[in-house]
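Inside the fold
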Amino acid sequence: MNELHSRNMENREEQERPKGPVVKTLKSKHKGPVEDGVTIVDCGPICKRFRLAWLFTCKRAWCVRDICGWVCAIITWLLILYAEYVVIFVMLWYNPNIEWSLFNGVIFQFFAFLAIASHVRTMLSDPGAVPKGNATKENIQRMHLEDGQVIFKCPKCVSIKPERAHHCSVCQRCIRKMDHHCPWVNNCVGEKNQKFFVLFTMYVCIISCHALYMSITHFIMCVGKEWKHCSGISPPATTVFLIFLIFESLLFGIFTAIMCGTQLSSICTDETGIEHLKKEQATWEQKSKWISIKTVFGHPFSWKWFSPFDSPKFTYSQSYLYSV
């Protein structure tokens, strides 16, 4: 009797077990999908016409339609241009020490160019968006999932939500390995553009420290000389320009140094900013620090790690399971 009862229970469980994967829709305040917050621009014809294919590895630009983000991005460019003007036309152009001016001018221009290039790459690169509207029966059947396996569907962008992916309320897309949405680059920082964001914070920190050094040195060299042969503008204007540059260098130098250190720490621990804030338990296989760095910057180690024009090769890519 016991064996018969156990067999009946097993048959009942097999009958109640769902056939095929189970799709669970996450809870959302919105009824139905939301409007996409991103515009994809095809840059292929422009690159081909002006022969810029060697410069841009990606022919599609990712543009977030956020006014606040664009304002912050333009402010970032203007602050860098302000530093360029003060460094070149206030401090270096009229400096009697030509060798010192030439040496520091080349260094500052080099890192300023890399900072702007890193900012543009971060802003216009796909951070790792999950294809929108891919939660269809056909796509789920192509995944060859086992019976009863649970997958989650994002109701906002109607996509299958992979593990470690989060929905961005600004981009209105699910981003793989999303760290945070940064208004200063008007984009999410995720799996595919975290390298460029780290380079942007690092190069801005470098030019901030360099501008601070040159400003203090300029004060020391020109003090007591009534600013003669030290600047092409009036002494009061020179003083105001230098004080504002010192304040800007201190503020952004400290801010970007903290951001760069935070990003490198999250990369080494293989834990994004959102996962740290939500205190999510790691259900994925965590990698070593060196391999985690290679997952972001590419494999093997080379000078291309420091180039904003090189897209990393994801040799140690994360195997994403389709769950939250």
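Read on for a plain summary of the structure. (Residues numbered from 1 in each chain as written. Predicted model: local features only at pLDDT ≥ 70, side-chain atom pairs only at ≥ 80, totals over all residues. Heavy atoms only, no water.)

This brings us to the nonpolar core. Across soluble globular proteins, nonpolar side chains show a tendency to be buried alongside one another. Ranked by size, the top nonpolar core spans 26 residues in total, and within it Val86, Val87, Met91, Phe108, Phe197, Met214 and Leu245 carry the most contacts. Sorting the residues of this core by element identifies α3 (67-92), α4 (98-124), α6 (194-222) and α7 (235-269) as the ones contributing at least two each. Here this core takes eight residues from α6, the largest share from any one element. Not counting chain neighbours up to four residues away, the residues in contact with Leu245 comprise Tyr82, Ala83, Val86, Val87, Met91, Ala211 and Ser215. Residues Trp62, Ile175, Met178 and Cys188 belong to the second largest nonpolar core, which totals ten residues. (Core = buried A, V, L, I, M, F, W, Y, C linked by side-chain atoms within 4.5 Å. Buried < 20%, exposed > 50% of the residue type's maximum accessible area, 1.4 Å probe, protein only. Helix = DSSP H or I, 4+ residues; strand = E, 2+ residues; numbered from the N terminus. Contact = heavy atoms within 4.5 Å.)

Now for the pairing of strand β6 (residues 165-168). Taking every second residue as pointing to the same face, both faces of β6 are buried, with Ala165 and His167 on one and His166 and Cys168 on the other. Inspection of the sheet shows β6 paired to strand β7 (residues 173-176) by four bridges, in the antiparallel sense. From the neighbouring strand, His166 faces β7, where its bridge partner is Ile175. Between β6 and β7, which pair antiparallel in sequence order, lie four residues; one of them, Gln172, sits at a positive phi of approximately 55°. (Pairing = 2+ DSSP bridges.)

This part takes up α7. Residue pairs three or four apart in sequence face the same way in an α-helix, which turns once every 3.6 residues. Along its 35 residues, α7 runs 50 Å from first to last C-alpha, staying within 8% of the 51 Å computed at 1.5 Å per residue. Downstream of α7 by a residue or two, Asp270 has a phi angle that is positive, lying close to 55°. (Expected span 1.5 Å × (residues − 1).)

Inspection of every chain in the model, using the stated rule, returns twelve aromatic pairs. Both rings, one in Phe89 and one in Trp93, keep their centres 6.2 Å apart while their planes meet at 35°; by these two values the pair is tilted. For Phe89, a relative accessible area of 42% puts it in the partly exposed group. Taking the centre distance of 6.5 Å and the plane angle of 50° together, the rings of Trp100 and Tyr213 count as tilted. A residue pair is termed long-range when its members are at least 10 positions apart, and Trp100 in helix α4 and Tyr213 in helix α6 qualify at 113 residues. For Trp100, a relative accessible area of 16% corresponds to the buried category. For Tyr213, a relative accessible area of 43% puts it in the partly exposed group. (Phe/Tyr/Trp six-rings, centres within 6.5 Å; stacked < 30°, edge-to-face > 60°.)

In a disulfide, the sulfur atoms of two cysteines are covalently bonded to one another. Applying the stated criterion to the full structure yields zero disulfides. The closest cysteine sulfur to the non-disulfide-bonded Cys209 is located on Cys205, 4.3 Å from its own sulfur. Taking relative accessible area as the criterion, Cys209 reaches 47% and is therefore assigned partly exposed. (Disulfide = S-S within 2.5 Å.)

The next thing to look at is the side chain of His119. Along the chain, His119 turns up in helix α4. Among the residues examined, His119 registers a relative accessible area of 0% and is labelled buried. Excluding residues within four positions of it along the chain, His119 makes contact with Ala73, Thr76, Trp77, Trp184, Val185 and Phe200.

Contact geometry of α3 with α4 gives a least axis separation of 11 Å together with a crossing angle of 175°. The angle between the axes of α3 and α4 places the two elements in the roughly antiparallel class. Residues Trp70, Ala73, Thr76, Trp77, Ile80, Ala83, Glu84, Val87, Ile88 and Leu92 of α3 form the contact with α4, whose own contacting residues are Trp100, Ser101, Asn104, Gly105, Phe108, Gln109, Ala112, Ile116, His119 and Met123. For the contact of α3 with α4, the class distribution of residues is 13 nonpolar, six polar and one charged. (Axes fitted to C-alpha atoms, helices over the stretch in contact; angles between N-to-C directions. Parallel < 35°, antiparallel > 145°, perpendicular 65-115°, else oblique. Nonpolar A, V, L, I, M, F, W, Y, C, P; charged D, E, K, R; others polar.)

The quantities given are spatial measurements derived from coordinates; they are silent on function.
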